[in-house]
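Structure at a glance
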Amino acid sequence: MREISADLVVETVRALCIEANQTLPADVSRRISACREREPWPSARATLEILGQNAEIARDEQVPLCQDTGMACVFLEVGQDVHIFGMGLREAVDEGVRRGYADGALRKSIVADPLRRANTRDNTPAMLHTDIVPGDRLTVTVAPKGIGSENMSRLVMLPPSAGEAGVKDFVVETVRLAGPNPCPPVVVGVGIGGSFDLVAALAKKALLRPLDSPNPDAFYAGIEAELLGRINALGIGPQGFGGKTTALGVNIEVYPTHIAGLPVAVNINCHVTRRAHAVL
Amino acid sequence: MAETMGSDKKTCDAIRVTTPLTREAALALRAGDAVLISGTIYTARDAAHARLVELLDADKADRGDNADHGDSANRADRDARTGRAADAVCATEPTARFPFPIRDAILYYVGPTPAKPGQVIGSAGPTTSYRMDAYAPRLIELGLRGMIGKGRRSAQVVECMKRCGAVYFGAVGGAAALLSKHITASRVVCYEDLGAEAIHELRVEDFPATVVIDALGGDLYDIGVQNYLDFAAAHALAAPPPGALPAL
């Protein structure tokens, strides 16, 4: 059994909250640059140029990329041979979020209750996902998520007869309906299979995979590429002002499901797709 | 094709917009125009809008329902006689308790991050505008001339903008670090308890934006996409054949 201090979890989450909000992941930056090179529409190219400049300013001056510093979505992979000591694991994660959002001058965007809507003033609680995995490591990923794109996300329980074509059409239709609202170019996280709750989590986890890592299953990698082509033929473009670059990438995660079901979830992320991770 | 590229070229050729934004200046702007906004603007988003509209409702109740309708009718009659009919339905006087001068004002839908020491303001990009659609017509009818945000507006908002001569600007969503460089001063006007959602008065210099919906109802989200699709069709950039893998 490996011992990990909860204080280390607090400090790690704190640092990752700040890093993720100030520094665009390298794969996202590279993809924005590559799309700018291939963008045939002048105003769209100009917008992509602005996104690159914004990322440079945020990184160099250590300020948030976007004013919506998001919900602190935290993903833990806890090795089953790890023992956390000092405080509860959730308590440690929330304390890390509290310190990160205070020390990083990040916006506090969480209300304590969805209808009564009083701000918690420290951006807690985290949106926490915990998986128990083999081994003695603790992997921490912080992926701050803005609500502008979150609000454009959709979930459907398709009948199996809808098949591959039904899934693809639902994904493309979700991006079309979102239009300019989620700050395109978007990153599209798709979950297919599982249950009602699991498929949404799959879609969110799909957003954690780097844009230059296609699905390891060639069948799904092909669907990812095909969907990206269809989405980028919609013409929405950066900011919805028209252009080729509507999406930077499409990532699909799948899971076994019921003989009578075909759940599909589409979690839209903006061009500021943020994530930072550490292995303890 | 030449026309398409012509309208697209405007991104390099920005129009200077200053506050207060007059009705005449707003009417001259067209969807797709790149603008640089300088002057004083005000921030408001969901919670602040709800309070502003509560204030207007309370004021209306104080004056009595009939008084309001009477005012409008009298004003419409007077305006028609003086040739100001077009502005008549938008000439409601704001309550004396309204916290900032709304006539010819520009509102920025933003909730910035906290300022770091030495900063005027934190990162400050636009939030999605449709959440303000339920409230916006009430403010436009008071003479609000411009709104800065991102994303689509409702048919009701666009109809009100056309009726009253207002314009909707889009700033680049997610470019908050860059946009904050164009904000040179910030102070809280009211609703300080709302934190990032408090109404702030901002000084802006050459704040970059694009006219998304103009006072005639022209909408860049439709026009821009159609122009690009026409261009793509002309250059065979349309959808790849089924099964083909695009390079990206």
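This section reports on the structure supplied with the text.

About the criteria used
Residues numbered from 1 in each chain as written. Chains lettered and ligands numbered in written order. Predicted model: local features only at pLDDT ≥ 70, side-chain atom pairs only at ≥ 80, totals over all residues. Heavy atoms only, no water. Helix = DSSP H or I, 4+ residues; strand = E, 2+ residues; numbered from the N terminus. Buried < 20%, exposed > 50% of the residue type's maximum accessible area, 1.4 Å probe, protein only. Contact = heavy atoms within 4.5 Å. Areas by Shrake-Rupley, 256 points an atom, 1.4 Å probe, with all protein chains shown as cover. Pairing = 2+ DSSP bridges. Phe/Tyr/Trp six-rings, centres within 6.5 Å; stacked < 30°, edge-to-face > 60°. Axes fitted to C-alpha atoms, helices over the stretch in contact; angles between N-to-C directions. Parallel < 35°, antiparallel > 145°, perpendicular 65-115°, else oblique. Left-handed = near helix turned anticlockwise from the far one by under 90°. Nonpolar A, V, L, I, M, F, W, Y, C, P; charged D, E, K, R; others polar. Buried area = accessible area lost by both parts, 1.4 Å probe. Salt bridge = Lys/Arg side-chain N within 4 Å of Asp/Glu carboxyl O. Polar contact = N/O pair within 3.5 Å; in protein donor to acceptor, adjacent residues only side chain to side chain. Expected span 1.5 Å × (residues − 1). Patch = residues over 30% accessible without salt bridge, like charges linked within 9 Å, V, L, I, M, F, W, Y side chains within 5 Å.

**Regarding the overall build of chain B**
- Within chain B one finds nine helices and seven strands.
- Burial status across chain B gives 49% buried among its 248 residues.
- Taking all contacts inside chain B whose residues are at least 6 apart in sequence as the whole, residues at least 24 apart take part in 66%.
- Carbon and sulfur atoms make up 54% of the accessible area of chain B, which amounts to about 10700 Å² in all.

**Details of the pairing of strand S4 (residues 146-149) of chain B**
Residues and elements named next belong to chain B.
- By the alternation rule, side chains of S4 split into Gly-146 and Ile-148 and Met-147 and Gly-149, which are all buried.
- Pairing geometry for strand S3 (residues 106-108) and S4, over three bridges, is parallel. Paired with Leu-107 across the strands is Met-147, a residue of S4.

**Some details on the side chain of Asn251(A)**
Residues and elements named next belong to chain A.
- Topologically, Asn-251 is positioned in strand S8 (residues 247-257).
- Residue class for Asn-251 comes out buried when judged on its relative accessible area of 2%.
- With residues up to four places along the chain from it excluded, the contact list for Asn-251 reads Val-188, Gly-189, Val-190, Ala-206, Arg-209, Pro-210, Leu-211 and Glu-224.

**As for the packing of aromatic side chains**
- Throughout the structure, instances matching the rule amount to eight aromatic pairs over all chains.
- Ring plane angle 70° and centroid distance 5.9 Å describe the contact between Trp41(A) and Tyr228(B), whose orientation is recorded as edge-to-face. One end of the pair, Trp41(A), is in the loop between helix H2 (26-38) and helix H3 (42-61); the other, Tyr228(B), is in helix H9 (residues 220-234), on a second chain.
- Look at Tyr42(B) and Phe100(B): their rings are 4.5 Å apart centre to centre, the planes differ by 20°, and that puts the pair in the stacked class. Taken as a pair, Tyr42(B) in strand S2 (residues 34-43) and Phe100(B) in the loop between helix H5 (85-88) and S3 lie far apart in primary sequence, 58 residues in all.
- According to the relative accessible area criterion, Phe100(B) is buried, its value standing at 5%.

**Concerning the packing of H2(A) against H3(A)**
Residue and element names in this part refer to chain A.
- The interhelical angle for the contact between H2 and H3, taken along N-to-C directions, is 160°, at an axis separation of 9 Å. With respect to their mutual orientation, H2 and H3 come out roughly antiparallel. Taken as a pair, H2 and H3 cross one another with a handedness that is left-handed. Taking contact as the criterion, the partners of Ile-32, Cys-35 and Arg-36 in H2 are, on H3, Arg-45, Leu-48 and Glu-49.
- Along the lines of polarity and charge, the residues of the contact of H2 with H3 split into three nonpolar, no polar and three charged.

**Remarks on the interface of chain B and chain A**
- Opposite the 49 residues of chain B that make contact, chain A presents 53 residues.
- When chain B packs against chain A, close to 4000 Å² is buried across both sides, 65% of that on carbon and sulfur atoms.
- Counting across the interface, chain B meets chain A through one salt bridge.
- Glu61(A) serves as the salt-bridge partner of Lys181(B), at 2.6 Å between the closest nitrogen and oxygen.
- Linking chain B with chain A are 16 residue pairs in polar contact (both at pLDDT 80 or more), by the criterion used here.
- Mapped onto the side of chain B that touches chain A, the elements with two or more residues apiece are helix H1 (2-8), helix H8 (176-179), strand S7 (199-213) and H9 of chain B.

**Some points on the environment of Arg103(B)**
- Tracing the backbone through its elements, the reader meets Arg103(B) in the loop between H5 and S3.
- For Arg103(B) and Arg145(B), which are 42 residues apart along the polypeptide, the C-alpha to C-alpha distance reads 7.0 Å.

**Focus on the sheet that holds strand S9 (residues 262-269) of chain A**
Residue and element names in this part refer to chain A.
- On the basis of which strands lie adjacent, the open sheet formed by four strands has the order S6-S9-S7-S8 and mixed pairing. Two strands in the sheet have a free side with no partner beyond their single neighbour: strand S6 (154-158) and S8. Neighbour to neighbour, the strand axes of the sheet diverge by 15° on average, direction disregarded.
- Sheet topology note: the strand S7 (residues 186-194)/S9 ladder contains six bridges and is antiparallel.

**A short note on helix H6 (residues 163-178) of chain A**
Residues and elements named next belong to chain A.
- The end-to-end C-alpha separation of H6 is 23 Å, in line with the 22 Å expected for 16 residues at 1.5 Å each.
- Along H6, the residues classified as buried are Gly-166, Val-167, Lys-168, Phe-170, Val-171, Val-172, Thr-174, Val-175 and Ala-178.
- On its buried face, H6 sits against S6, S7, helix H8 (218-231) and S9.
- Positive backbone phi, approximately 50°, marks Gly-179, located one or two places after H6.

**A few points about the pattern of salt bridges**
All names here are of chain A.
- Counted by the stated rule, this structure contains 38 salt bridges over all chains.
- Here Glu-11 makes a salt bridge to Arg-14, at a shortest N to O gap of 3.3 Å. Residue Glu-11 and its partner Arg-14 are located together in helix H1 (residues 6-22), separated by three residues, close to a single helical turn.
- When its relative accessible area of 38% is taken as the criterion, Glu-11 is described as partly exposed.

**Some words on a nonpolar patch on the surface**
All names here are of chain A.
- On the surface, a nonpolar cluster with roughly 300 Å² of combined accessible area is contributed by Leu-155, Met-157 and Phe-196.
- Tracing the backbone shows Phe-196 in helix H7 (residues 196-206).
- By relative accessible area, which is 55% here, Phe-196 ends up exposed.

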